[in-house]
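Here are the chains, one letter per residue:
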Amino acid sequence: MKIKQIGVIGAGQMGQGIAQVMICAGYPVQLVDLSETALEKAASTTQKSIAKLTEKGMLNLSHDPLALLTLDTDINTLANADLVIEAATEAESIKVSLFKQLDSICRTDAIIASNTSSISITRLAASVSHPERFIGMHFMNPVPLLQLVEIIAGLRTSEQTKATVTEVAQAAGKVAITVKDRAAFVLNRILLPMINEAIFVLDEGCATAEEIDQIMKLGAAHPIGPLSLADLIGLDTCLSIMEVLHSQFGDPKYRACPLLKQMVAAGLLGKKSGRGFFDYEVKAHG
């Protein structure tokens, strides 16, 4: 199946990034979100990001990518999309509700993909009439810079669906790796317990947030420290992934650190809220 039109649902960090790499690859994209403010912010971020990457010599395009981007608050406009990528909040109930809507809107031959970072693709696929055309496409944050896309086939996903989305990911300059449909897949199953452990270390007073990040950067050659990375991902998303791991495997090693739970309850979600393990408000105002 040839993908000519892509829909992206959710104009947050992930949805914006996915839309950006797809328009840069030459795909027309409809970015849909209930919030006009979120759509405007995504369009502005896309414009600035493309300009910055072009200036740095990381992008060399022969077409105007922004001409391929359409913004909409109406999900019904996705009726003609060949591929719809969902990048909404990491909450199963929200995603299932969206997929049920898409099931009644999209063409029967359209592929529906979820950018979920932890939820079972087989379970999400049960909410649509054609589970063989449902798949996971887990992009990494920030999408324009990180090469990996985990491709997750559910129990009933067809080989054709897998081949089609792999081709799209590769056209967008990504390395597509197929992984098994297990809780949090591969990257987050390894990464999130490490971040969670760093939060335990902070909570126990072993070192400050700055020191923990510095130790991991200098001692393990990580380009970004685990607590800065948690702030970038969003502490609510980190907690959600840990809870999925804990409930799916029932193993106490996946127990979310109480400090992580407290911070989410306090609305300290990281970069997107202005404050998490580090303070971003000063930078935003200054």
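Residues numbered from 1 in each chain as written. Predicted model: local features only at pLDDT ≥ 70, side-chain atom pairs only at ≥ 80, totals over all residues. Heavy atoms only, no water.

A. A look at the side chain of serine 118. Within the secondary structure, serine 118 is located in the loop between β5 (111-114) and α4 (121-125). A polar contact is formed between the side chain of serine 118 and the side chain of glutamate 90, at a distance of 2.7 Å. Ignoring sequence-local partners within four residues, the contact set of serine 118 consists of Glu90, Ala183, Ala184, Phe185, Ile241 and Val244. (Helix = DSSP H or I, 4+ residues; strand = E, 2+ residues; numbered from the N terminus. Polar contact = N/O pair within 3.5 Å; in protein donor to acceptor, adjacent residues only side chain to side chain. Contact = heavy atoms within 4.5 Å.)

B. Highlighting the domain arrangement of the protein chain. Per the domain assignment, the segments of the protein chain are domain 1 (6-180) and domain 2 (188-273). Between domain 1 and domain 2, the C-alpha centre-to-centre distance is 26 Å. Contact with domain 1, which involves eight residues of that partner, is made by eight residues of domain 2. Overall, the association of domain 1 and domain 2 removes approximately 640 Å² of surface from exposure, summing both partners, and the carbon and sulfur fraction of that is 46%. The largest contributions to the domain 1 side of the interface with domain 2 come from Glu90, Ser117 and Ser118, which together make up 48% of the buried area. Where domain 1 touches domain 2, the interface holds zero salt bridges. Where domain 1 packs against domain 2, one counts two residue pairs in polar contact (both at pLDDT 80 or more). (Domains from an automatic or database assignment. Buried area = accessible area lost by both parts, 1.4 Å probe. Salt bridge = Lys/Arg side-chain N within 4 Å of Asp/Glu carboxyl O.)

C. Geometry of the packing of helix α6 (residues 187-203) against helix α10 (residues 258-265). Where α6 contacts α10, the two axes come as close as 8 Å, and the packing angle between them is 90 degrees. Between α6 and α10, the angle falls in the class roughly perpendicular. Within the contact between the two elements, α6 uses Asn196, Ile199, Phe200, Leu202 and Asp203 and α10 uses Pro258, Leu259 and Leu260. A class-by-class count of the residues in the contact of α6 with α10 yields six nonpolar, one polar and one charged. (Axes fitted to C-alpha atoms, helices over the stretch in contact; angles between N-to-C directions. Parallel < 35°, antiparallel > 145°, perpendicular 65-115°, else oblique. Nonpolar A, V, L, I, M, F, W, Y, C, P; charged D, E, K, R; others polar.)

D. Structural context of the UniProt feature "binding site: NAD(+)" (unreviewed entry) in the protein chain. According to UniProt, the "binding site: NAD(+)" (unreviewed entry) feature falls on Gly10, Ala11, Gly12, Gln13, Met14, Gly15, Asp33, Glu90, Lys95, Ser117, Asn141 and Lys272. Here methionine 14 shows up in helix α1 (residues 13-24). With a relative accessible area of 18%, methionine 14 lands in the buried category. Residues in contact with methionine 14, not counting those within four places in the same chain, are Ala87, Asn115, Phe139, Met140, Asn141 and Val143. With respect to the helices, strands and loops of the structure, asparagine 141 is situated in the loop between β6 (134-139) and β7 (148-153). Discounting residues that sit within four places of it in the chain, asparagine 141 has contacts with Gln13, Met14, Leu146, Leu232 and Ile233. Only 3.1 Å separates the side chain of asparagine 141 from the side chain of glutamine 13, close enough to count as a polar contact. (UniProt positions renumbered as here; feature names shortened; annotations may be inferred. Buried < 20%, exposed > 50% of the residue type's maximum accessible area, 1.4 Å probe, protein only.)

E. Inspection of the environment of methionine 1 at higher detail. Mapped onto the fold, methionine 1 is located in the segment before β1 (6-9). Along the primary structure methionine 1 and alanine 110 are separated by 109 residues, whereas in three dimensions their C-alpha atoms are 9.3 Å apart. Setting aside its immediate chain neighbours within four residues, methionine 1 contacts Asp82, Arg107, Asp109, Ala110, Ile111, Gln160 and Thr164.

F. How the structure looks around the pairing of β6. Most of β6 sits inside the fold, with six of its six residues counted as buried. Because side chains alternate across β6, one face comprises the buried residues Phe134, Gly136 and His138, and the other comprises Ile135, Met137 and Phe139, equally buried. Here three bridges tie β5 to β6, and the two strands are oriented parallel to one another. Its bridge partner being in β6, serine 114 is matched across the sheet by glycine 136. (Pairing = 2+ DSSP bridges.)

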